[in-house]
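Working through the structure, step by step
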Amino acid sequence: MSQELIIQRPEGLYCPQGDFHIDPLRPVPRAVITHGHSDHARAGMGVYHALGDGAEILRWRLGEDIALSEHHAGQGFDLGPVRVSLHPAGHVLGSAQVRVAHGDQVWVASGDYKRQPDPTCAPFEVVPCDVLVTETTFALPVYRWPQTADVAAQILDWQAECGRRGVAAVLLCYALGKAQRLLAELGRLGAKKLWLHGAIQAGVDAYDRAGVALPETRAVKDIEKGEDSAGALVLAPPSAAGSPWLKRFRGAQLGFASGWMQIRGNRRRRGYERGFVVSDHADWPGLLQSIEDCGARRIIATHGDSAALIRLLRECGLQAETFADLRDGA
Amino acid sequence: MERFAALYQRLDRTTATSEKQAAIADYLGQADPASASWAVWLLCGGRLRGLVRSGELRSWVATASGTPDWLVEESYSHVGDLAETCTLLLPEPDSEPPMRSLTVWIEQHLLPLKGAEEEPRREAVISAWWALPYAQRLVYTKLLTGALRVGVAQGLVQRVLAQMSGLPVATIAQRLLGDWTPSAEFHAALLSIAPQRGDRAQPYPFFLASPLEKAPDQLGAIDDWQLEWKWDGIRLQLIRRDGELALWSRGEERLDGRFPEIEQAAAELPDGCVIDGELLAWRAGEALPLPFSVLQTRIQRRKPGAKSLREAPLRLLAYDLLEIDGRDLREQPLAQRREQLGDLLQVQDESALALSPLVAADSWAAAAELRSEARNRGVEGLMLKRRSSPYRSGRRRGDWWKWKIEPLSIDAVLIYAQAGHGRRSNLYTDYTFAVWQDEALVPVAKAYSGLSDAEIGRLDRWIRAHTIERFGPVHSVQPLQVFELAFEGVNRSPRHKSGIALRFPRIARWREDKVAAEADVLATLAALAR
Ligand SMILES: [Zn+2]
Ligand SMILES: [Zn+2]
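Nothing here was measured: the structure is a model prediction, and the numbers come from that model. (Residues numbered from 1 in each chain as written. Chains lettered and ligands numbered in written order. Predicted model: local features only at pLDDT ≥ 70, side-chain atom pairs only at ≥ 80, totals over all residues. Heavy atoms only, no water.)

Residue and element names in this part refer to chain A. The coordination sphere of the zinc ion (ligand 2) contains the protein donors Asp39 (OD), His40 (NE2), Asp112 (OD) and His303 (NE2), at a distance range of 2.1 to 2.7 Å. Considering all four donor atoms around the zinc ion (ligand 2), angles at the metal cover 78 to 161° and the coordination shape is irregular. Written as a sequence motif, the donor residues of the zinc ion (ligand 2) are D-H-x71-D-x190-H. A separation of 3.4 Å is found between the zinc ion (ligand 2) and the zinc ion (ligand 1), which are bridged by aspartate 112. Of this pair, histidine 40 sits in the loop between β4 (30–32) and β5 (47–51) while aspartate 112 sits in the loop between β10 (105–109) and β11 (131–135), and the two are 72 residues apart along the sequence. Judged by relative accessible area, which is 2%, aspartate 112 ranks as buried. (Donors = N, O, S within 2.8 Å, 3.2 Å for Na, K, Ca; no water. Tetrahedral: all angles 85-135°; square planar, octahedral: opposite > 155°, others 65-115°. Helix = DSSP H or I, 4+ residues; strand = E, 2+ residues; numbered from the N terminus. Buried < 20%, exposed > 50% of the residue type's maximum accessible area, 1.4 Å probe, protein only.)

Right, dumping it as structure tokens:
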């Protein structure tokens, strides 16, 4: 039995040989952070190891005074006897896969990742490994993403239609990553009249500081109450749905940009007029492609409903399991 | 088809009636007449039947997409809609889709699938899947499975057509009743301002009663009201015109030929008369009608045999007269119509075509007393109809009320759950409930409605965390949650393991204060069965 380089502990993924955690949920002395989303980057760690690209984001989310050790992509550093390196995951700006090498073994924890091009972050890098700990947010074959440029064009059509109706188009999307990626894609198509909710504005500012080029936008708080919002495309976080903030856009249509919008029932149940299928996670073909590309013979699935993927990988002769399977001795 | 798919998408995206109406009007205004006719038929709930079986679609989509069968099932259970699952499992085509109208797709591609061998059907479906982009693939597959489910009320379609043609909605509604085959000619006739021949065999739109939710004394003096029993049967319009007889159910289904005893009795009616009434199973000489389940055995039988006629003889209880001597009486006050109905049926054979008796009560208190005995009389309560009211159409509140007896209720345990369809596809919303028989829980009812959205969400999470086993889409759950079910009655049913079937079960309350052991026992229900 070879040794396990990454195990799951209550506080998060842990490397016993190097005595460090990956994306821990509770304060620990040494944390390797894959990216700035709140389910991955938490406050209170002794030292943060992350890609330099994402430094602005981590400081925005966690504060200026965190002890941040910035690393270049692909450049190894030692934590105890373990050699660690961070490699672009293509998920959001500064997102990384964590490569952990010890003895004759290489493990990779993917963090969140996607295989689609994204103008606001470095593309996913294939990192050969023996064991891949992969995310499985969208692990069913019904999830296949359309071309982002096509979705951006649909969003522009919708904005124009709302303009003809004399109302605003309010597009709900995550404030970190998704919003900036959409803005960049929309900017390529020449989108105008892009307005931002405060939460999105804060994310855009962080991307600005990191030097990512985004199209011209205006903060809703700087816009006079009387100004006509017809035809404006307003980006807001999902929490804005049903909030009093939305009241100033009377009659506005609501759209949501997310991989979950692939299923009609999800959109209808939440009462959005429009759902736009755009995700920063790997779709089903992206998951399979990445598993194949990295050459791992053993796959540990985490972060989502992984039963179908595990069964399929096992049928293909790979060793596939979840951390729960390992814990239960299955 | 591209335009029809766009219409489907527009309807799917909105809940606003005005927007739906505009979308339908836009489509019908642009489409060729035959496609417009098909669209109207589909929007009114028409389904293409018997083209493919659901099992075939699943296995074909597995082949076409290179997905293992179990993974197709897994995907279906996640998405909750088979047509949508197939659509999502298949890739986008590389080339431009064929430009074919909705009519060509239906008449030349879909309808010929019926009765064909599996091989050519499979090839036809798979090649259509490969050719069509997402929106059209979804509509195409929905047509294959029969259910379009666009969430459009028939009344809305009728209003659009009335607006297009300048005809009254009632005329459009009449012309759309019953079985019709979509075509350019039908569409032209539907919208034509000239009177149409078929109009004559058509029923009038039914006037429906609303449930009484207030105290009856708020309706004013009881003398202004006509009281009748609320029968537990099937609403029927009997039309005698031009020497012919037509029987129409409220579901706008023509039922001629199924009820020879009714037709025989009606043959004596004068030409040009239309009667509204309730069909019941009732043996001559008995005080109570037979239960609804007995009537049901007759509805499904197109040509009843001697045994069926003997065991479940039918009677039509007439309560309204809509036409006499070819004159439309609907604008006359109910009291006048009723008088003429009495004159007409005096001469009729009492057993198969009878007058629904009036219930006499000189005060609302006396009426309430009579209503409380309803269950013993085999009726569901009282009907309250304003004597001065015209015969309106649809469910218009104010003149006709159904004052039903309170429903019965039991406490039962949730044992199975299944994902809902359509809007509820990712939630477990279809529940099976059981009661105790000795040490075992026996399923007695399925119920879908009655919980709030918040409760549905909470129960969904509970179900996911407490699943014992999965049989395809069905999860068996730990028998811990108790629900109060309301229902209208209990029928004996040898088809069910429990030997009984609840009528109209629905969830009244989630009894989180109760434990499973406190749920009811089967014997309680068996005692209520008829
Ligand atoms: Zn993330
Ligand atoms: Zn995540």
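From this point, the narrative continues.
Angles between donor atoms at a metal ideally measure 109.5 degrees for a four-coordinate tetrahedral arrangement and either 90 or 180 degrees for a six-coordinate octahedral one. All names here are of chain A. Only His35 (NE2), His37 (ND1), His91 (NE2) and Asp112 (OD) from the protein reach the zinc ion (ligand 1) as donors, at distances of 2.1 to 2.3 Å. Considering all four donor atoms around the zinc ion (ligand 1), the spread of angles at the metal, 92 to 167°, places the coordination shape in the irregular class. On the primary sequence, the residues serving as donors to the zinc ion (ligand 1) are separated as H-x1-H-x53-H-x20-D.

Quick look at the pattern of salt bridges now. Per the counting criterion, the structure on display carries 47 salt bridges over all chains. A salt bridge links Arg59(A) to Glu70(A); the nearest nitrogen and oxygen atoms lie 3.1 Å apart. Taken together, the positions of Arg59(A) in helix α1 (residues 55–62) and Glu70(A) in strand β6 (residues 68–71) put the pair eleven residues apart, joining distant regions of the chain. We note a salt bridge from Glu311(B) to Lys307(B), for which the minimum N-O separation is 3.9 Å. Here the residue Glu311(B) and the residue Lys307(B) both occupy positions in helix α15 (residues 306–311), the gap between them amounting to four residues, near one helical turn. Here the salt bridges do not stand alone but share partners, grouping Glu161(A), Arg165(A), Arg10(B), Glu19(B) and Asp26(B) into one network. (Salt bridge = Lys/Arg side-chain N within 4 Å of Asp/Glu carboxyl O.)

Here we come to unusual backbone geometry. All names here are of chain A. Notably, aspartate 19 is not glycine yet its phi reads approximately 50°, a positive angle. Turning to its location among the elements, aspartate 19 is positioned in the loop between β2 (12–15) and β3 (20–22). In this structure aspartate 19 comes out as partly exposed when scored by relative accessible area, which is 36%.

Right, let's talk about the environment of Tyr272(A) for a bit. Residue and element names in this part refer to chain A. By the element assignment, tyrosine 272 lies in the loop between α5 (264–270) and β17 (274–276). Put simply, tyrosine 272 and leucine 171 are 101 residues apart on the chain and 9.7 Å apart in space, counted from C-alpha to C-alpha. For tyrosine 272, the contacting residues outside a window of four places in its chain are Leu172, Leu254, Phe256, Met261 and Arg267. (Contact = heavy atoms within 4.5 Å.)

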